[in-house]
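Residue-level structural notes
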Amino acid sequence: TACIMVIIIHAGSALYHSCPLYEPAFVPLCFISTAVRGSVPVFFMLTGLLMLSREGLELGHFFKRHILRLAGLFLLVAALRRRQPRRLRQLRQRL
């Protein structure tokens, strides 16, 4: 849930900052942005908990174990970010 909320923060920030105060959509955008801000510390704490094992931490083993997962997430985020400007234009046209 924290991951999804952090994604909502990043995906909605451009729309939130481009929406004028007098638009009816501003109030729901403001509420959503405020409601999901608490997910950032939760995301960091859960990431640290899940990535660090209870046995001794070896940096080489850590990177070997997590590098494919991190690379996959990086590619996914890059693909989503590439589509974002087109989606924002479509959303602005609707508003």
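What this report covers is the structure whose coordinates are included nearby. Because the structure is predicted, anything quoted here is derived from the model rather than measured.

Direction vectors running N to C along helix H1 (residues 2-18) and helix H2 (residues 26-36) enclose 145°, while the axes themselves pass 10 Å from each other. H2 is crossed by H1, and the crossing has left-handed handedness. Between H1, through Met 5, Ile 8, Ile 9, Leu 15 and Tyr 16, and H2, the contact on the second element is made entirely by Phe 26, Leu 29, Cys 30, Ile 32, Ser 33, Ala 35 and Val 36. For the contact of H1 with H2, the residue count by class is 11 nonpolar, one polar and no charged.

So, about the packing of aromatic side chains. Per the stated rule, a full pass over the model turns up one aromatic pair. Both rings, one in Phe 43 and one in Phe 44, keep their centres 6.0 Å apart while their planes meet at 70°; by these two values the pair is edge-to-face. Phe 44 gets classed as exposed once you look at its relative accessible area, which sits at 58%.

Another point: H1. End to end, H1 covers 25 Å across 17 residues, agreeing with the expected 24 Å (1.5 Å per residue, within 8%). A maximum bend of about 45° is found in H1 at Gly 12. Those residues of H1 that sit buried are Ala 2, Val 6, Ile 9 and Leu 15.

The grouping of Val 42, Met 45, Leu 46, Leu 49 and Leu 50 at the surface amounts to a nonpolar patch, some 520 Å² of accessible area in total. For Leu 50, the position within the fold is in helix H3 (residues 39-51).

Turning to the packing of H1 against H3, a few remarks are in order. As a packed pair, H1 and H3 sit with axes 9 Å apart at the nearest point and diverge in direction by 135°. The orientation of H1 relative to H3 falls into the category oblique. Relative to H3, the crossing made by H1 is left-handed. In this structure, H1 contributes Ala 2, Cys 3, Met 5, Val 6 and Ile 9 to the contact, and H3 contributes Ser 39, Val 40, Val 42 and Phe 43. In terms of residue class, the contact of H1 with H3 is made up of eight nonpolar, one polar and no charged.

Cut-offs applied
- Residue indices begin from 1 for each chain and proceed along its sequence in written order.
- Selection of residues for local features in this predicted model requires a pLDDT of at least 70, selection of side-chain atom pairs for listing and counting requires 80 or more, and totals for whole chains, interfaces and linings are taken over all residues.
- Side-chain measures here rest on the full set of heavy atoms in the structure, leaving out hydrogens and waters.
- To get an axis, fit a line to the C-alpha atoms, keeping to the stretch in contact for a helix; angles then go from 0 to 180 degrees between the N-to-C directions.
- Numbering of helices and strands runs from the N terminus, with a helix taken as a DSSP run of H or I at least four residues long and a strand as a DSSP run of E at least two residues long.
- By convention, the crossing between two helices is left-handed when the near helix turns anticlockwise from the far helix through less than a right angle, and right-handed when the turn is clockwise.
- Should any heavy atoms of two residues lie within 4.5 Å, those residues are considered in contact.
- Basically, the charged four are Asp, Glu, Lys and Arg, the nonpolar ten are Ala, Val, Leu, Ile, Met, Phe, Trp, Tyr, Cys and Pro, and anything else, Gly included, counts as polar.
- Note on aromatic pairs: the rings of Phe, Tyr and Trp (six-membered ring only in Trp) are paired at centre separations within 6.5 Å, and the planes decide the class, stacked below 30 degrees, edge-to-face beyond 60, tilted for the rest.
- Only protein chains enter the area calculation, which uses a 1.4 Å probe; residues under 20% of their type maximum are buried, those over 50% are exposed, and those in between are partly exposed.
- Each helix should span, by expectation, one fewer than its residue count multiplied by 1.5 Å.
- Note that bend, as reported per residue, equals the angle between axes fitted to the 7 residues terminating at that residue and the 7 residues originating from it.
- A residue counts toward a patch only above 30% relative accessible area and without a salt bridge, and it is joined to like-charged neighbours within 9 Å or, for Val, Leu, Ile, Met, Phe, Trp and Tyr, to nonpolar neighbours within 5 Å.
- Residue-level accessible areas treat just the shown protein chains as cover; the underlying method is Shrake-Rupley with a 1.4 Å probe.
- Salt bridges, as used here, are contacts in which a Lys or Arg side-chain nitrogen is within 4 Å of a carboxyl oxygen on Asp or Glu.
- Angle categories: roughly parallel below 35 degrees, roughly antiparallel above 145, roughly perpendicular from 65 to 115, and oblique for all the rest.

In short, shape yes, function no, at least from these values alone.
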